[in-house]
Amino acid sequence: MAERFTGSFTQQEPIPEDAIEAAVAVMRHGRLHRYNTAPGEVAEVALLEQEFAAMTGAKYCLAVASGGYAMATALRAVGVKPGDRVLTNAFTLAPVPGAIASLGAVPVFVGVTEQLVIDLDDLAAKADQADVLLLSHMRGHLVDMDALMALCDARGITVIEDCAHTMGAAWNGKPSGTQGKIGCFSCQTYKHVNAGEGGLLITDDAEVAARAIMLSGSYMLYDRHAAAPGPEAFETIRYETPNISGRMDNLRAAVLRPQLRRLPEQVARWNERYRVIEAGLRDTPGLTVIDRPEAESIVGSSIQFLLKGWSAEDVEAVLARCAARGVELKWFGRAEPTGFTSRYDTWRYARAEKMPASDAVLAGLIDMRVPLTFSLEDCALIARIIRAEVSAVFQGGSA
């Protein structure tokens, strides 16, 4: 009888006990709003910002309601206005172009390579179309950041990093989110720390940090931020910057702080699982594993592979056969969006020129979550199932 996986691809680990205790303490005193503090008290949100800034090596940090809100705030903070064009990845998730469109700005999509990173040649060709790049490290794949920053610096392009999938990752030892002007992170359930929802924004630019804090809804309470620039940075900005409330609350911050302290350990566990699956998929007929560069320190919370040149019917057959054995795969090549998978040509609020090379990559792109609730044995089993079903369709079909 064929092996079957019986676990869940959406079940997270429980919130750690010390995080639960911290959350209960906040609920007991009732001061959930970040600016509602007792005399001499530093709010949980302010402590979270301070700790995340220290962890990444950034000067300033702001905690907000979501990763999408962090990106929209970052765009506003660097001066993006309605009608402006903003470069971004063709391979990403909907909140990235959504952040651009929420400002009335216009996404300009840049192609994806078979390594699942932004195409630097296409970026160079489109560099004269915009002054800002919202760079998505989609599914945790880091482009050569040295080459990208050299290109953008030479062309006067401000880089904002979407690090929703790269909290804890690095390029050549430099933490993700610290090479561009701003790094934006997500604390949503399926990311690397779990507050249900939440976001973090980091920067070394005092003016950007001050604008972001005012945008987030600080009123004139910016002095209660522990990872913020001094009052001089707010002198003019506080009168010019609209309040677009999107603060994080103390309850979520209390849940997150213990998780951040465990992040290095969690990253090691994700990567252990990722490598087991990756090894099990190598040399599967018809399947291409994405090789990761030596300069990239990954967080393997999901894994991707390519079925290059396959027909849509054969890809659908693989997905159905794996699903019948308990393995949930997502496909970015469907013509219609399904769940969280969608493509640049399905976001009709943003007109996009066709990109045949990128379309060919997306047509065979398969994605799978790797929750920490999986054991290493689970990961080996999942790899065997995928390998068997891909091989069966490849050998028996037209792929």
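Up top is the structure these notes are about.
Parameters at a glance
Residues numbered from 1 in each chain as written. Predicted model: local features only at pLDDT ≥ 70, side-chain atom pairs only at ≥ 80, totals over all residues. Heavy atoms only, no water. Helix = DSSP H or I, 4+ residues; strand = E, 2+ residues; numbered from the N terminus. Rg over C-alpha atoms; globule rule 2.2 N^0.38 Å. Buried < 20%, exposed > 50% of the residue type's maximum accessible area, 1.4 Å probe, protein only. Contact = heavy atoms within 4.5 Å. Areas by Shrake-Rupley, 256 points an atom, 1.4 Å probe, with all protein chains shown as cover. Lys, Arg positive; Asp, Glu negative; His and termini not counted. Charge placed at Lys NZ, Arg CZ, Asp CG, Glu CD. Pairing = 2+ DSSP bridges. Core = buried A, V, L, I, M, F, W, Y, C linked by side-chain atoms within 4.5 Å. Salt bridge = Lys/Arg side-chain N within 4 Å of Asp/Glu carboxyl O. Polar contact = N/O pair within 3.5 Å; in protein donor to acceptor, adjacent residues only side chain to side chain. Axes fitted to C-alpha atoms, helices over the stretch in contact; angles between N-to-C directions.

Q: Whenever I open this one, the overall build of the protein chain confuses me. Can you help?
A: Of the regular secondary structure elements, the protein chain holds 13 helices and 14 strands. By the compact-globule yardstick of 21 Å for 399 residues, the protein chain fits well, its C-alpha radius of gyration being 22 Å. Based on the C-alpha atoms only, the size of the protein chain along its principal axes is roughly 70 × 50 × 35 Å. Taking all 399 residues of the protein chain together, the buried fraction comes to 55%. Long-range pairs, those at least 24 residues apart, make up 72% of the contacts in the protein chain with a sequence separation of at least 6. Per element, the accessible surface of the protein chain, about 16200 Å² overall, is 51% carbon and sulfur. Separation of charge centres in the protein chain, based on 39 positive and 49 negative side chains, amounts to 4 Å.

Q: Please clarify how the pairing of strand β1 (residues 60-64) should be interpreted in this entry.
A: Two faces make up the sheet, and in a regular strand the side chains alternate between them. A large share of β1 lies buried, amounting to five of its five residues. The alternating pattern of β1 places Tyr60, Leu62 and Val64 on one face and Cys61 and Ala63 on the opposite face, and all of these are buried. As defined by bridge partners, β1 adjoins strand β9 (residues 199-203) across five bridges and the pair is classed as antiparallel. By the bridge assignment, Ala63 is partnered in β9 with Leu200.

Q: Please clarify how unusual backbone geometry should be interpreted in this entry.
A: Keep in mind that most residues, glycine aside, have a negative phi and that most peptide bonds are trans. In the Ramachandran plot, Arg139 falls in the positive-phi region, its phi being about 55 degrees despite a non-glycine side chain. Here Arg139 is to be found in the loop between β4 (132-136) and α6 (145-155). With a phi close to 50 degrees, Asn172 is a non-glycine residue in the positive phi region. Examined against the element boundaries, Asn172 turns out to sit in the loop between β6 (170-171) and β7 (174-175).

Q: Explanation requested: the nonpolar core in the structure shown.
A: Leu133, Leu148 and Leu200 are the most contacted members of the largest nonpolar core, which totals 47 residues. Elements supplying a minimum of two residues to this core: α2 (44-56), β1, β3 (106-110), β4, α6, β9, α9 (250-261) and α10 (263-281). At five residues, α6 tops the list of elements feeding residues into this core. Excluding anything up to four places from it in sequence, Leu148 contacts Ile118, Leu120, Leu123, Leu133, Leu135, Val143 and Val159. Grouped together as the second largest cluster of nonpolar side chains are 33 residues, Ala70, Val96, Ala105 and Ala210 included.

Q: Would you mind going over the side chain of Thr88 with me for this structure?
A: The topology assignment puts Thr88 in strand β2 (residues 85-89). Beyond its immediate sequence surroundings of up to four residues, Thr88 is in contact with Val96, Ile100, Pro107, Val108, Phe109, Val110, Leu133 and Leu134.

Q: What am I meant to see in the sheet that holds β6 here?
A: Strand-to-strand pairing in sheets goes through backbone hydrogen bonds, with the strands running parallel or antiparallel. Spatial strand order, β7-β6-β11: three strands in an open sheet with antiparallel pairing. If you trace the sheet from one side to the other, it starts and ends with β7 and β11 (296-297), each paired once. Of the strand pairs in this sheet, β6 and β7 are connected by two bridges, and their pairing is antiparallel. Across the sheet, residue Trp171 finds its bridge partner in β7, namely Lys174.

Q: Can you help me understand the environment of Val208 in this one?
A: If you trace the backbone, Val208 turns up in helix α7 (residues 206-216). Relative accessible area serves as the criterion here: at 4%, Val208 is assigned to the buried category. Once the C-alpha coordinates of Val208 and Arg76 are considered, the two residues, 132 residues apart in sequence, prove to be 9.2 Å apart. The contacts of Val208, once residues within four sequence positions are left out, are Ala77, Val78, Lys181, Ile182 and Thr203.

Q: Help me understand the pattern of salt bridges, please; the structure alone is not making it clear to me.
A: Per the counting criterion, the structure on display carries 26 salt bridges. The closest approach of N and O atoms between Arg275 and Glu278, which form a salt bridge, is 3.0 Å. Taken together, the residues Arg275 and Glu278, both in helix α10 and three residues apart, mark about one turn of the helix. If you follow the salt bridges from partner to partner, you end up with Arg275, Glu278, Arg282 and Asp291 in one network.

Q: It is not clear to me how the side chain of Ser218 should be interpreted in this structure. Could you clarify?
A: Along the chain, Ser218 turns up in the loop between α7 and α8 (237-240). What makes Ser218 buried here is its relative accessible area of 0%. Only 3.5 Å separates the side chain of Ser218 from the backbone oxygen of Ile213, close enough to count as a polar contact. What Ser218 contacts, discounting residues up to four positions off in sequence, is Tyr35, Ile213 and His225.

Q: It is not clear to me how the sheet that holds strand β14 (residues 365-369) should be interpreted in this structure. Could you clarify?
A: A sheet is described by the order of its strands in space; here four strands give the open sequence β10-β12-β14-β13, paired in antiparallel fashion. If you trace the sheet from one side to the other, it starts and ends with β10 (288-289) and β13 (330-331), each paired once. Relative to β14, β13 is paired through two bridges, and the arrangement is antiparallel. Across the sheet, residue Trp331 finds its bridge partner in β14, namely Ile366. Against the sheet, α10 engages β10, β12 (302-306) and β14, with an angle of about 20 degrees to β12.

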